[in-house]
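# A look at the structure
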Amino acid sequence: MLAQGRLIAFALFLALFNISWDNSGWPRLNYSPVPDWPHLPEGWNFGEVPAVALDASENIYVFNRGPHPLMQFNNSGKFVRSLLEGMVTSAHGLRIDHEGNIWAVDHRGHTVLKLNPAGRVVMVLGRKDQAGTDETHFDQPTDVAVAPNGDFYVTDGYGNSRVMKFAKDGKLLHQWGKKGTGEGEFNLPHSVILDGEGQVYVADRENNRIQVFTPDGRFLRQLTDLGSPWGLALTRDQEIFMADGRNNRVVKLTREGRVLGGFGSPGKKPGEFAYAHHLAVSPSGEVYVAEILNWRVQKFLPRR
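Overview of the structure. Throughout, residues of each chain are indexed from 1 in the direction in which the sequence is written. Residues qualify for local features only when their pLDDT is at least 70, as the model is predicted, and side-chain atom pairs are given and counted only at 80 or more; totals for whole chains, interfaces and linings, by contrast, use all residues. Hydrogen atoms and water are omitted, and side-chain values are computed over all heavy atoms in the structure.

Each helix and strand in the chain was counted, giving 1 helix and 26 strands. The reference for a compact globule is 2.2 Å times residues^0.38; the radius of gyration itself is calculated from the C-alpha atoms. Over its C-alpha atoms the chain spans a radius of gyration of 19 Å, differing by no more than 12% from the 19 Å that the globule rule assigns to 304 residues. Dimensions of the chain, computed from C-alpha atoms along their principal axes, come out at roughly 70 × 50 × 30 Å. Buried residues in the chain amount to 57% of all 304 residues. Two residues qualify as a contact provided that any one of their heavy atoms is within 4.5 Å of a heavy atom in the partner residue. Considering only contacts within the chain whose residues lie at least 6 apart along the sequence, 44% involve residues at least 24 apart. When charges are counted, Lys and Arg are positive and Asp and Glu negative, with His and the chain ends excluded. The atoms used to mark charge sites are NZ of Lys, CZ of Arg, CG of Asp and CD of Glu. Treating the 33 positive side-chain charges of the chain as one cloud and the 33 negative ones as another, the clouds have centres 3 Å apart. We count a stretch as a helix when DSSP gives it H or I for four or more residues in a row; a strand needs E for two or more, and each element gets its number in order from the N terminus. A simple rule labels every residue: compare its accessible area, found with a 1.4 Å probe on the protein chains alone, to the largest value its type can have, and call it buried under 20%, exposed over 50%, or partly exposed in between.

Pasting the structure below:
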């Protein structure tokens, strides 16, 4: 009777918070897509959308592979401005730092661009359209994460299988990683985030794991059995949202790797995904998911 009572109590808990289960066995998080978001200028379209990011005012930046590679929208989806036209070979990662600077990763152009809040390019790392293995080159970089002191990390990427740490002025401080499956090795480091303690989380995409390091690259632990980590975002509560691109879903987990739930399935309809690539989360819990094959970004609201 005691076990039956616990099952009933658990069922009531799930019903109270409107939680169901998906076919992975994880709780299904209850998020609803916002229809017809955002509102593009007449005649404009996205190309493939690999990344989305938010600034402190909750403006949304969409990085895509169309003729207008970086577009800014307000929270309601109204178009604000277009940036980087004619300057990007192939959009990939995108982040906004605590000072409002915009960091855009051009993976096939082998560069990382830093723009100030006004949209002016103020730093370029790598050599455009030139791949390399030394300190001044990237080989198809994927993402960037910026620490509060201005140090930043670049996952480099499709070609070099390494993480590079730079000072605020762009001087290389440290790098680690090589192709492989061992601790500190990577098979496509695809996304990177930093938690409140400065720990570095790297989405080791083709090894189906997230590796966690100290700020200077010392291996701490790995998070596994999550799916395929393509994109990572950290919430205000220090929880992780992960775009599982291969399984076309979004997964929420703790920093220790415990899965809290997920949502999404393969498809073309609202709430479904085709190559969920990167994502961003607002302080109020809204989730934005960038999709490659559906050429769109979807906005999701949590339902309480």
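The next thing to look at is the pairing of strand 21 (residues 240–244). Consecutive side chains along a regular strand alternate between the two faces of the sheet. Of all 5 residues that make up strand 21, 5 are buried, and the element is covered over most of its length. Burial along strand 21 is two-sided: the residues Ile240, Met242 and Asp244 and Phe241 and Ala243 are all buried. Two strands pair under a simple rule: DSSP has to find at least two bridges between them. Across 5 bridges, the pairing between strand 20 (residues 229–234) and strand 21 is antiparallel. Among the inter-strand pairings, Leu234 is bridged to a residue of strand 21, identified as Ile240. By the bridge criterion, 5 bridges tie strand 21 to strand 22 (residues 249–253) in an arrangement that is antiparallel. By the bridge assignment, Asp244 is partnered in strand 22 with Arg249. Hairpin connection, strand 21 to strand 22: the antiparallel pair is bridged by 4 residues, and Asn248 has positive phi, about 55 degrees.

This paragraph deals with the packing of aromatic side chains. Two aromatic rings from Phe, Tyr or Trp, using only the six-membered ring of Trp, form a pair when their centres are within 6.5 Å; if the ring planes differ by under 30 degrees the pair is stacked, by over 60 it is edge-to-face, and anything between is tilted. Evaluated as defined, the whole model comprises 18 aromatic pairs. Ring geometry for Tyr31 and Phe263: centres 4.8 Å apart, planes at 20 degrees, overall stacked. Within this pair, whereas Tyr31 is found in strand 3 (residues 31–33), its partner Phe263 is found in strand 23 (residues 259–263), the two being separated by 232 residues in sequence. Note on accessibility: Tyr31 and Phe263 belong to one class, buried. Aromatic side chains Trp103 and Phe152 sit 4.6 Å apart centroid to centroid with 45 degrees between the ring planes, which places their arrangement in the tilted category. One end of the pair, Trp103, is in strand 9 (residues 102–106); the other, Phe152, is in strand 13 (residues 152–156), and 49 residues separate them in sequence. Pair check on accessibility: Trp103 and Phe152 agree, each one buried. Joined through ring pairs, the aromatic side chains of Trp37, Trp44, Phe46, Phe73, Phe79 and Tyr288 make up one cluster. Over a ring means this: the NZ of a Lys or the CZ of an Arg is within 6 Å of the ring centre and within 35 degrees of the ring normal. Note that Arg205 overlies the ring of Trp230, its terminal NZ or CZ placed 4.3 Å from the centroid.

This part takes up the pattern of salt bridges. When a carboxyl oxygen of Asp or Glu lies within 4 Å of a side-chain nitrogen of Lys or Arg, that pair is called a salt bridge. The tally for this structure, following the rule as stated, stands at 16 salt bridges. Put simply, Arg209 and Asp204 hold a salt bridge, and the shortest N to O gap is 2.7 Å. On the basis of relative accessibility, which here comes to 0%, the residue Asp204 falls in the buried class. A cluster of three or more residues bridged by salt bridges with shared partners is formed by Asp195, Glu197 and Arg255.

This next bit is on the sheet that holds strand 7 (residues 79–83). Reading across the sheet, the 4 strands line up as 4-5-6-7 and stay open at both edges, with antiparallel pairing between neighbours. The outermost strands of the open sheet, each flanked by one partner alone, are strand 4 (51–54) and strand 7. In this sheet, adjacent strand axes meet at a mean angle of 20 degrees when their direction is disregarded. As judged from the 4 bridges shared by strand 6 (residues 70–73) and strand 7, these two strands associate in the antiparallel manner. By the bridge assignment, Leu70 is partnered in strand 7 with Leu83. Lines fitted to C-alpha atoms define the axes, with helix axes restricted to the stretch in contact, and inter-axis angles between N-to-C directions lie between 0 and 180 degrees.

Turning our eyes to something else, we now look at the pairing of strand 4. Where burial is concerned, the two faces of strand 4 agree: the one with Ala51 and Ala53 and the one with Val52 and Leu54 are both buried. Sheet topology places strand 4 next to strand 5 (residues 60–63); 4 bridges connect them, and they run antiparallel. Paired with Val52 across the bridge in strand 5 is Val62. The loop that links strand 4 with its antiparallel partner strand 5 comprises 5 residues; one of these, Glu58, has a positive phi angle of about 60 degrees.

In this structure, the largest pocket spans a volume of roughly 1,000 Å³. Lining the largest pocket are 34 residues, with Leu54, Arg95, Ile96, Asp97 and Leu234 positioned closest to its centre. Of all the secondary structure elements, the ones that give two or more residues to the lining of the largest pocket are strand 4, strand 8 (91–96), strand 12 (141–146), strand 16 (189–194), strand 20 and strand 24 (276–281). For this classification, the nonpolar set comprises Ala, Val, Leu, Ile, Met, Phe, Trp, Tyr, Cys and Pro, the charged set comprises Asp, Glu, Lys and Arg, and every other residue, Gly included, is treated as polar. Residue classes in the lining of the largest pocket are distributed as 21 nonpolar, 7 polar and 6 charged. For cavity detection a 1 Å grid was placed over the protein atoms alone, and a set of points counts as a cavity when a 1.4 Å probe fits there but cannot get out; an open set counts as a pocket when protein lies on both sides within 12 Å along at least five of seven lines, with lining residues being those that have an atom within 4 Å of a point. Grid points are joined across faces, edges and corners, and a volume is the space filled by probe spheres set on the points.

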